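Coordinate analysis (summary)
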Amino acid sequence: MEKTGQPTINDVARIAGVSKKTVSRVINRSPLLNDDTRKRVEDVIGQLGYIPNPQARALALRRNFLIGLVHGNPNAQTVMNVQQGMLEAIQDTEFEMVVRPVDRGSPTMLDDLRHFLERQRLFGVLLMPPISENDSVAKLCDAIGCRYVRMGSAMLDRPENMVASNDREAVRTAVDYLIEQGHRRIGLIAGPHGFRSAQERRLGFEEALRNAGIPLPRSMIAEGTYRFESGMVAAERLLDLVPRPTAIFSSNDEMAAGVIHAAHQRGLEVPRDLSVIGFDDTPIAAHMWPPLTTVRWPIASMARSAALKMITGIADNDDNDAVQEPSMFLSTLIRRASVAPPTE
């Protein structure tokens, strides 16, 4: 008997000789396909007149075409950069993004997050640091069947569930640069407790000094919160030291901006009197004066890759035509005008 009714994704997959997942990738304009496969599927879609039905597919999958961003990060620019990367990944697809800030210090955080994930029936969720560093959150996602990708400054999970950066190595390179310029009294403004990024960046700083045989007194370390004001306060403490540091590494750009502001208030000129390096390479780094030497953190690229890992379903690894999205991203030192040899 001749088949009637609208063509389905199963029809497209059967005629094209691919899996339903591959058809879904074509529909969602995933880059993880070779050109021949993409063209073959698109030709079949055109011949059949197939029109995707997101509602029907969502019902069958018991998931909405929504990917979530869960964060408890105090740095608004970092969150915006992650959103930018995710939006690039889902552009021209059926997917939309929802954002959920959480209070990582709340005793009901896990229950609140479970309620959110179950209510939204998310297709997948990107977990930003420091929430991503909590293994209980990853276990919760597994328990309720919500695919997830964790973002971090070190590998915390399986590659299919992770995008990470080499923060420790990148900071070591940045501090090596200060040492090459002749600096020996180098202060550190560390990130907040509970952030793996703060820990990794501090370890990179300490390793660089240790490898160069430079002592690190406790007085040369001040802690911040990744915010501008905390950078100012921490810089004031370091600049009160006698002798004061000739250079300061700040664990993010926002605090580095606070360092430069505090130096200017004291009549110190950057970099003649004080060299400064930050981390992130946010827009503020290139626009402040002097332009900030910093470590470029490829966070938008990491977020894009994380979203693609979720919407293409490559964790299932059952398509030969899929290209694996990377899990490790390299941060690089961007040299600008805020570093010079010490004058003392």
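In case you missed it, the structure is sitting above this.
Residues numbered from 1 in each chain as written. Predicted model: local features only at pLDDT ≥ 70, side-chain atom pairs only at ≥ 80, totals over all residues. Heavy atoms only, no water.

Turning to the pairing of strand 10 (residues 293–296), a few remarks are in order. Of the strand pairs in this sheet, strand 9 (residues 275–280) and strand 10 are connected by four bridges, and their pairing is parallel. The residue of strand 10 that forms the bridge with Phe 279 is Val 295. Pairing geometry for strand 10 and strand 12 (residues 332–334), over three bridges, is antiparallel. Residue pairing in the sheet places Arg 296 in a bridge with Thr 332 of strand 12. (Pairing = 2+ DSSP bridges. Helix = DSSP H or I, 4+ residues; strand = E, 2+ residues; numbered from the N terminus.)

Judged by pairing direction, the sheet is mixed, and its six strands sit side by side in the order 7-6-8-9-10-12 without closing on themselves. The open sheet terminates on both sides in strands that have one partner only, identified here as strand 7 (221–223) and strand 12. Each strand axis lies, on average, 20° off the axis of its neighbour in the sheet, ignoring direction. In this structure, strand 8 (residues 247–250) lies alongside strand 9, joined through three bridges in parallel fashion. Bridging from a neighbouring strand, Phe 249 pairs with Ile 277 of strand 9. (Axes fitted to C-alpha atoms, helices over the stretch in contact; angles between N-to-C directions.)

Here we come to the sheet that holds strand 1 (residues 66–71). Taken in spatial order, the six strands of this open sheet run 2-1-3-4-5-11, and their pairing is parallel. The sheet is open, and its two borders are formed by strand 2 (96–101) and strand 11 (328–329), each paired with just one other strand. Its contacts with the sheet place helix 7 (residues 135–144) against strand 3 (124–127) and strand 4 (147–152), and it is angled at close to 165° to strand 4. (Contact = heavy atoms within 4.5 Å.)

Between the first and last C-alpha of helix 9 (residues 196–211) there are 22 Å, a value that for 16 residues agrees with the 22 Å anticipated at 1.5 Å per step. Looking only at helix 9, the buried set comprises Ser 197, Ala 198, Glu 200, Arg 201, Gly 204, Phe 205, Glu 207, Ala 208 and Leu 209. Along its buried surface, helix 9 packs onto helix 8 (167–180), strand 6 (186–190), strand 8 and strand 9. In the stretch just after helix 9, Gly 213 is the one whose phi turns positive, near 70°. (Expected span 1.5 Å × (residues − 1). Buried < 20%, exposed > 50% of the residue type's maximum accessible area, 1.4 Å probe, protein only.)

Counted by the stated rule, this structure contains six aromatic pairs. Taken together, a centroid distance of 5.4 Å and an interplanar angle of 90° make the contact between Phe 195 and Tyr 226 edge-to-face. Residue Phe 195 is found in the loop between strand 6 and helix 9, and its partner Tyr 226 is found in the loop between strand 7 and helix 10 (228–239); the two are separated by 31 residues along the sequence. Residue classification places Phe 195 among the buried positions, given a relative accessible area of 5%. Through a chain of ring-to-ring contacts, three or more aromatic side chains come together here, namely Phe 65, Phe 95 and Phe 123. Residue placement shows Arg 201 over the ring face of Phe 279; its charged tip is 3.7 Å from the ring centre. The lysine or arginine in question, Arg 335, covers the ring of Tyr 177, its NZ or CZ lying 4.2 Å from the ring centre. (Phe/Tyr/Trp six-rings, centres within 6.5 Å; stacked < 30°, edge-to-face > 60°. Lys NZ or Arg CZ within 6 Å of the ring centre and 35° of its normal.)

We now examine the environment of Val 18. Topologically, Val 18 is positioned in the loop between helix 1 (9–16) and helix 2 (20–27). Ignoring any residue separated from it by four or fewer positions in sequence, one finds Val 18 in contact with Ala 13, Val 23, Thr 37, Arg 40 and Val 41.

We now examine a nonpolar patch on the surface. A cluster of nonpolar side chains, contributed by Met 155, Met 328 and Leu 330, occupies part of the molecular surface with about 290 Å² of accessible area. With respect to the secondary-structure elements, Met 328 resides in strand 11. In this structure Met 328 comes out as partly exposed when scored by relative accessible area, which is 38%. (Patch = residues over 30% accessible without salt bridge, like charges linked within 9 Å, V, L, I, M, F, W, Y side chains within 5 Å. Areas by Shrake-Rupley, 256 points an atom, 1.4 Å probe, with all protein chains shown as cover. Salt bridge = Lys/Arg side-chain N within 4 Å of Asp/Glu carboxyl O.)

A word on unusual backbone geometry. Note the cis peptide between Val 242 and Pro 243, where omega equals -5°. Looking at the secondary structure, you find Pro 243 in the loop between helix 10 and strand 8. Of the consecutive residues Val 270 and Pro 271, the connecting peptide bond is found in the cis state with omega at 10°. When you line up the elements, Pro 271 lands in the loop between helix 11 (253–265) and strand 9. The phi angle at Tyr 226 is positive, at roughly 75°, despite the residue not being glycine. For Tyr 226, a relative accessible area of 5% gives the class buried.

Another point: the pattern of salt bridges. Counting across every chain of the model gives 19 salt bridges. Its salt-bridge partner being Arg 218, residue Glu 223 comes within 3.9 Å of it at the nearest N-O pair. The partly exposed category is assigned to Glu 223, whose relative accessible area is 37%. Among the charged side chains, a salt-bridge network with shared partners connects Arg 168, Arg 172, Arg 196, Glu 200 and Glu 207.

The next thing to look at is helix 1. Among the residues making up helix 1, those that are buried are Ile 9, Asp 11, Val 12, Ala 13 and Ala 16. Here the buried face of helix 1 lies against helix 2 and helix 3 (35–48). Backbone geometry just downstream of helix 1 places Gly 17 in the positive-phi region, at approximately 75°.

Don't take any of this as a statement about function, it's just geometry.
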